[in-house]
Amino acid sequence: MMNRKDLPLLQLLKPRNAWLAWLLLVVAVAVTIASWQFSIRLVEDRTEARFRTQSLQLKTAIEERLLNYEQVLAGSAGLFAVTGDVSRDEWREYVRNVDIDRYYPGIQGIGFVQRIEVRDMADHIASVRAEGVYKYLVKPLGVGPYYYPMVYLEPGTESNRRALGYDAFSDPVHRKAMEQSRDNAIPTLTGKVVLVQEEMEEGQASFLMYYPVYQGGDVPDIRAERRMMLAGFVFSAFRMNNLLDGIVGLISPFLDVRIYDNGDAVRENLMYGSNLGSLDDQFSFDMSQVVSHGGRDWLLQTRSTPAFDYLASDPRPSIVLGTGIVISLLLFIVALVLIRSRLMAQISEGRYRAITEGAANVTLVMDEAGTPLYASPSSFDILGFKPGELQALALEKLVHEDDWSQLKEGFDEAVKAPGKQMPVIRARIYDANHNWRDMEGTYTAMLTVPGVDGVVLSLRDLTQLKAAQSELHRLAFYDPLTGMANRQLFKDRLNNVVHRSRRSGEPAALMFLDLDGFKRINDTLGHDAGDELLCQVAAWLEGCVREEDSVARLGGDEFVVLLSQISGADAAGKVAETILRRLCQRIRLNDHEVGITVSIGITMIPHDSEDPGTLMKYADLAMYRAKEMGRNTYQFFTPSMNIKAARRLLQQEELAAALEGERFVLHYQPKIDLASERVIGVEAFLRWHHPEKGLVSAQQFINLAEETGLIVSLGEMALRQACIQVQALERAGFEDLKMAVNLSVRQVTDTCFLDMVRQVITETGVSPEKLELEMPVELLNEDPRMLRELLVSLNDLGVCLILDDFGAGSCSLVALQQLPLDVIKIDHRFIRDIPYNVSATDVASAVIALAQKLHLTVVAEGVETPQQLSFLKSAGCTQCQGNLFSYPLDEDALIGFLIRQYERPVIS
C-alpha cells in the first residue's frame, strides 16, 4: 500500500517524477488518435465513394431517359415520313400504342405542331373543327407569315386539349428551340417553361423537346432548304418532377438533388429540387455535373444529407477510440506503479541530503556535545572548507569570540526544545581565506529523527546580501557614469542646506551648469566620446570646490554645484569664474581635439527662495540667460528672468500650436540678375499668421524655434512648401526660376537632415537644380569633416549651395576653397551702409573680388537705394535682391510681379 504522507498522488503525477509515464500516455494517446483519424478517413472515403457513385449513376439515368424520349419523337417524326399526312385518329392510335404512362413517365403529352401560312389559316381552322375540335383557334395571333399551332396533342386529356391551337413559335423560349431544331435537323430542348395546359401550377417546372418534320420525309442538306421544306414539329411536353422523382427515388433517395437550366445555379433557373432542398447548409459532400442534351446544358447538383450520412455511418472509429483510450490509461497506471516504487526507494536514500544540502546555506549536524557529524557540500562554496575539513574543526575556532557565547546559548536552548526552530542568531564566521563572513543561522534539535540523529544548524551567508544592499544604495543615490551624487541624493543635500541656511541665516549658493555644444560632440564623435568628456568634466568640477560642498550630475550634460556656506554673491561669482577657467580648455577625444565651455546659472539661498524646487528652477533660468549672453559665462538669477521665462513658455506653446495648426506661410522676394535685369529666382521667407498680431516675420520667432527644437519641423515644412511652389511656378510658365530656402545651424546639423531633403525632393517631384539652400556662415564653425561630407552629399543631389551672411562672422578662407559652395551672399549690414560708409564699401568690394577669384557667384541682399545698386554693378556683383526691386510677396502677388517683369522689354 502507498503511504500518501510519504508520496502524495499529486506529487507522484508531477512531470519531473512521472515523465516516463506521461510520455507513454502521450504516445499511446497519439497512436490512438492517429488510428481513430485513420478509421474516420476510411469511413469518409467509403461514404464519399458511395456518394459519387450515386451522383454519377443519377446523371447516367437522366441522360438515358432523355435519349429514350428522343427516340420516341424520332419514331413520331418517322410516322410522318412514311405516311405523309397523319390524321388525328391515326395520331391518337399511335400515341396510345406507345403507352407513355407506363414506359415514359414524365411526358405530359406527345403532339404535332404544323406550319400554317397566313392565307391558309381559315381553311386550317375549319378543317380542325371538322375533325371534332369545335373550339379550336390559333392563338396568339401575330403578323405571320407562318404560324405554328399545336394541332395534335395526345393523350387527349382536358388539360392537353387546352393547349390545342397554341402557337408555340410566338414564345421566345419555344421559338429559340424550334429554330435550332429546324436548322440543325436535331431534337432540341426548350428552356424552363410553364406548360400552357398547367398555367395554374406555376410551381411545376417543365420543358419541351421538339423534333423537325420536313415535307417529303427526307432531311434537306442545306439550311435554307430546311427552312423552306419544314412541315412542322413533333414534340413532347415534360414535367420535371414527374420525370425525375422516379429516377431520384430509385438511385439516390437520400441525396439532395438540384437541376438548373442553362448551367447557371440561380433560383430562377431551378428546374428540379428534391424534397430535401431545405438542407442546403448541412452536407458533407457535394458534386456538380453537366447534363448536355438537345442543345441545352443542365447543371446537376447533388449533396449529401444527414440521412445519407447516418446510413453511411460506421461504429468502428468510436470502437477504435474507446479501446485506445482504455489501453492508454492502463499503460499509464502500470507505469505510475513502477515509478512510485522507484521514487519511494530514492526518498529513503535522499531524504537526508535533501534536508542538509543547499547552495545558499551551510548545514551542520552536531551531536549533543556540539561535535560536527556532518557538513553540507555547500560549505566549500561559501566558506572554502571541504565538508570533511569542517567536520574535523571545532566550531568554536571558526566563530568570532564576541559571537560565540550567543551561538553556544542557542545550541543549549535547542537541545532543551526538540523539534522547535530557535530564533535567528547572527555571528561572524572565519572562512578558509582568513576573512570574517557575516552569517545568520538557526538551530533545530532532531536528535530522535531517524536519518538525522543530531542538532541541525543552518547558516546563511549575509556577505553578498550586504554587498547587494551597498550596490543598491550606490545605484539609488550616485550617477553610474561619473560616480557623483545623482538627482535624488542632491535633492536631500539641497534640502538640508536650505533648512540650515533658514535657521542660521548664513547664505549658500546653488549653481546650475550646462556644457556648451555637448550635443554636437556627442552626435559627431559618438556616445563613448561624450561619456569620456562627462567623466573628465566631473573630475574638474570636484577639484574646483571644497569638501563640504556638493557636486552632482542631474543627467545628460547638466551638473549642479551646491556651495553649502558662503560669504555672499561675490564669493559665489569667484567660484563660478574658477569653474569657467578650469573647464574652458581643449580635450582630445577619439583622435579629435575639441574645445568645451560651460554656461552657469547661480541662485542665492535663502535670498532668492527657500523652496528647493524653486531654487532649481531659478538656477536653470539663470543658466539659460548665460547661454543667451554668449555662453562661457555665468549669470545670477533676477526676478525679471522668471517673468521672461513665463513669457517664453507661452510663446513656445503658441509656436507649437501654430505649427500643428499649419498657420505658417511662405512669402517670396525676387532675385534680380544685374546683367539682364531679369528675375532669375526667389528667396522664400517664413511668415506666421498670428491670430492677434497678424503676419509675423521669422526674425521674431526663429530664435525660439531653434532653442526649442521646433526649427527642424518648421524647416521641413518650409522646404516642402517651397518645392511645391516651384512646381506651381513651372505650371504658370516660369520654368527657369530657382527657389532659395534659408536653413539654420540646428537644422543642418540634425542627423536626419540629409534624409529629409532627399525625401522632400522625391515626394514633391521638384528638380534639385531648381533648389537653392542658404546656410548661415556660423555653420563653418562646426566639425569640418562632418560639414564637408554633408555638403558633398547635397551637391551630389544637384542642389545649389549658398553661404549666407558672408562677412558677418569669422570664416575660414580654406573652408571656402574646400567646400562645394556655389554662391556667397554679402551680409545686408554692409549693403545698408553703402555708399556712405567707406569701410562697408571696401568690405563689399573685397568680398566681391574674393568670390570672383574663387569662381563663386555673389548675391547682395537688402538693396534698397539706386546708389547701392549702382555701386554693386560697378563692383562686379552678379545678383541682387531687396526692397528696391520688391518686398517679399505672397503666392498671388508673386505671379503678378513676374508677369509684369516678363512683359517689360529686355534692356540690351
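Computed from a prediction, not measured in an experiment: that's the story for all the values here.

So, how was this worked out
- Residues numbered from 1 in each chain as written.
- Predicted model: local features only at pLDDT ≥ 70, side-chain atom pairs only at ≥ 80, totals over all residues.
- Heavy atoms only, no water.
- Helix = DSSP H or I, 4+ residues; strand = E, 2+ residues; numbered from the N terminus.
- Buried < 20%, exposed > 50% of the residue type's maximum accessible area, 1.4 Å probe, protein only.
- Salt bridge = Lys/Arg side-chain N within 4 Å of Asp/Glu carboxyl O.
- Pairing = 2+ DSSP bridges.
- Right-handed = clockwise from strand over helix to strand, strands pointing away.
- Axes fitted to C-alpha atoms, helices over the stretch in contact; angles between N-to-C directions.
- Contact = heavy atoms within 4.5 Å.
- Polar contact = N/O pair within 3.5 Å; in protein donor to acceptor, adjacent residues only side chain to side chain.
- Phe/Tyr/Trp six-rings, centres within 6.5 Å; stacked < 30°, edge-to-face > 60°.
- Lys NZ or Arg CZ within 6 Å of the ring centre and 35° of its normal.
- Core = buried A, V, L, I, M, F, W, Y, C linked by side-chain atoms within 4.5 Å.
- pLDDT = per-residue confidence, 0-100.
- Left-handed = near helix turned anticlockwise from the far one by under 90°.
- Nonpolar A, V, L, I, M, F, W, Y, C, P; charged D, E, K, R; others polar.
- Expected span 1.5 Å × (residues − 1).
- Parallel < 35°, antiparallel > 145°, perpendicular 65-115°, else oblique.

**Things to note about unusual backbone geometry**
Item 1. Going from Glu154 to Pro155, the amide bond is cis rather than trans, its omega being 0°.
Item 2. The peptide bond linking Ile605 to Pro606 adopts the cis configuration, its omega dihedral lying at 0°.
Item 3. Looking at the secondary structure, you find Pro606 in the loop between strand 21 (592-605) and helix 21 (612-628).
Item 4. A positive phi angle is found at Asp99, which is not glycine, with a value near 55°.
Item 5. Within the element layout of this structure, Asp99 appears in the loop between helix 3 (88-98) and helix 4 (100-103).
Item 6. You can call Asp99 partly exposed: its relative accessible area is 27%.

**Remarks on the pattern of salt bridges**
Item 1. Considering all chains together, one arrives at 31 salt bridges under this definition.
Item 2. Of the charged contacts in the structure, one is a salt bridge between Arg316 and Asp314, with a shortest N-O distance of 2.5 Å.
Item 3. If you follow the salt bridges from partner to partner, you end up with Glu683, Glu774, Lys825 and Glu861 in one network.

**Some words on the pairing of strand 27 (residues 771-776)**
Item 1. With respect to burial, strand 27 is a largely interior element, six of its six residues being buried.
Item 2. In strand 27, alternate side chains face the same way, and those of Leu771, Leu773 and Met775 on one face and Glu772, Glu774 and Pro776 on the other are all buried.
Item 3. Pairing analysis gives four bridges linking strand 26 (residues 738-742) to strand 27, with the strands arranged parallel. Across the sheet, the residue bridging to Val741 is Leu773, located in strand 27.
Item 4. The pairing of strand 27 with strand 28 (residues 800-806) spans five bridges and is classified as parallel. Looking across to strand 28, one finds that Glu774 is bridged to Ile802.
Item 5. Regarding the hand of the β-α-β motif, the stretch spanning strand 27, helix 27 (residues 784-797) and strand 28 is right-handed.

**Details of the sheet that holds strand 10 (residues 286-293)**
Pairing between the strands of a sheet is mediated by backbone hydrogen bonds and can be parallel or antiparallel.
Item 1. The four strands lie next to each other as 9-8-11-10, forming an open sheet whose pairing is antiparallel. Only two strands of the sheet have a single partner each, and these edge strands are strand 9 (270-273) and strand 10. For this sheet, the mean inter-axis angle between neighbouring strands, taken without regard to orientation, is 20°.
Item 2. As paired elements, strand 10 and strand 11 (residues 296-304) share eight bridges and run antiparallel to each other. Bridging across to strand 11, His293 finds its partner in Arg296.
Item 3. Contacts from helix 2 (residues 15-83) reach strand 8 (255-261), strand 10 and strand 11 within the one sheet, and its direction differs from that of strand 10 by about 15°.

**Details of the side chain of Asp256**
Item 1. With respect to the helices and strands, the residue Asp256 is situated in strand 8.
Item 2. Looking at Asp256, the relative accessible area reads 2%, which means it is buried.
Item 3. A distance of 3.5 Å separates polar atoms of two side chains, one belonging to Asp256 and the other to Arg258.
Item 4. Side-chain polar atoms of Asp256 contact the side chain of Ser274, separated by 3.1 Å.

**With respect to the packing of aromatic side chains**
Item 1. Tallied over the entire structure, the rule returns 20 aromatic pairs.
Item 2. In this structure, Arg115 packs its charged tip against the face of Tyr146, placed 4.3 Å from the ring centre.
Item 3. Taking NZ or CZ as reference, Arg175 lies 5.9 Å from the ring centre of Phe169, over its face.

**As for the nonpolar core**
Item 1. With 80 residues, the main nonpolar core has Phe664, Phe701, Leu719, Met739, Leu794, Ile824 and Leu872 as its most contacted residues.
Item 2. The dominant element in this core, judged by the number of residues it contributes, is helix 24 (residues 711-731), at eight residues.
Item 3. Setting aside residues up to four positions removed in sequence, Leu872 forms contacts with Ile831, Ile848, Ala860, Val863, Cys877 and Cys880.
Item 4. The next biggest cluster of nonpolar side chains, apart from the first, holds 71 residues, and it includes Leu66, Phe169, Leu189 and Val248.

**Focus on the confidence of the model for the protein**
Item 1. Model confidence for the protein is summarised by a mean pLDDT of 82, while 90% of its residues fall at 70 or above.
Item 2. Ignoring residues within four places in sequence, the model shows residues 1-5, a span with pLDDT below 50, making four contacts including any to other chains.

**Quick word on the packing of helix 2 against helix 9 (residues 240-251)**
Item 1. As a packed pair, helix 2 and helix 9 sit with axes 10 Å apart at the nearest point and diverge in direction by 145°. Remark: the crossing between helix 2 and helix 9 carries right-handed chirality. Judged by residue contacts, Gln54, Gln57, Leu58, Ala61, Ile62, Arg65, Leu66 and Tyr69 of helix 2 engage Leu243, Leu244, Ile247, Val248 and Ile251 from helix 9.
Item 2. Its residues assigned to classes, the contact of helix 2 with helix 9 shows 10 nonpolar, two polar and one charged.

**Focus: the sheet that holds strand 13 (residues 372-375)**
Item 1. Taken in spatial order, the five strands of this open sheet run 13-12-16-15-14, and their pairing is antiparallel. The open sheet terminates on both sides in strands that have one partner only, identified here as strand 13 and strand 14 (425-430). Direction aside, the axes of adjacent strands within the sheet are offset by 35° on average.
Item 2. In this structure, strand 12 (residues 361-366) lies alongside strand 13, joined through three bridges in antiparallel fashion. Opposite Met366, over in strand 13, you have Pro372 as the bridge partner.
Item 3. On the sheet, helix 15 (residues 401-416) packs against strand 12, strand 14, strand 15 (436-446) and strand 16 (454-461) and is oriented at approximately 125° with respect to strand 14.

**What to know about helix 7 (residues 172-184)**
Item 1. Taking 1.5 Å as the rise per residue, helix 7 with 13 residues should run 18 Å; its terminal C-alpha atoms sit 18 Å apart, in good agreement.
Item 2. Buried within helix 7 are the following residues: His174, Ala177, Met178, Ser181, Arg182 and Asp183.
Item 3. If you follow the buried residues of helix 7, they end up packed against strand 1 (107-114), strand 5 (188-189), strand 6 (206-214), helix 8 (223-229) and strand 7 (230-239).
Item 4. At the N-terminal end of helix 7, a side-chain oxygen is found 2.9 Å from the backbone nitrogen of Val173, two or three residues along, and the residue is Asp171.
Item 5. Backbone geometry just after helix 7 places Ala185 at a positive phi near 55°.

**Digging into the packing of helix 2 against helix 3**
Item 1. In contact at an axis separation of 12 Å, helix 2 and helix 3 are set at 150° when each is read in the N-to-C sense. What the angle tells us is that helix 2 and helix 3 run roughly antiparallel. When you trace helix 2 past helix 3, the crossing you get is right-handed. Note on element contacts: helix 3 touches helix 2 through Trp91, Tyr94 and Val98, opposite Val72, Gly75, Ser76, Leu79 and Phe80.
Item 2. Taken together, the residues of the contact of helix 2 with helix 3 break down into six nonpolar, two polar and no charged.

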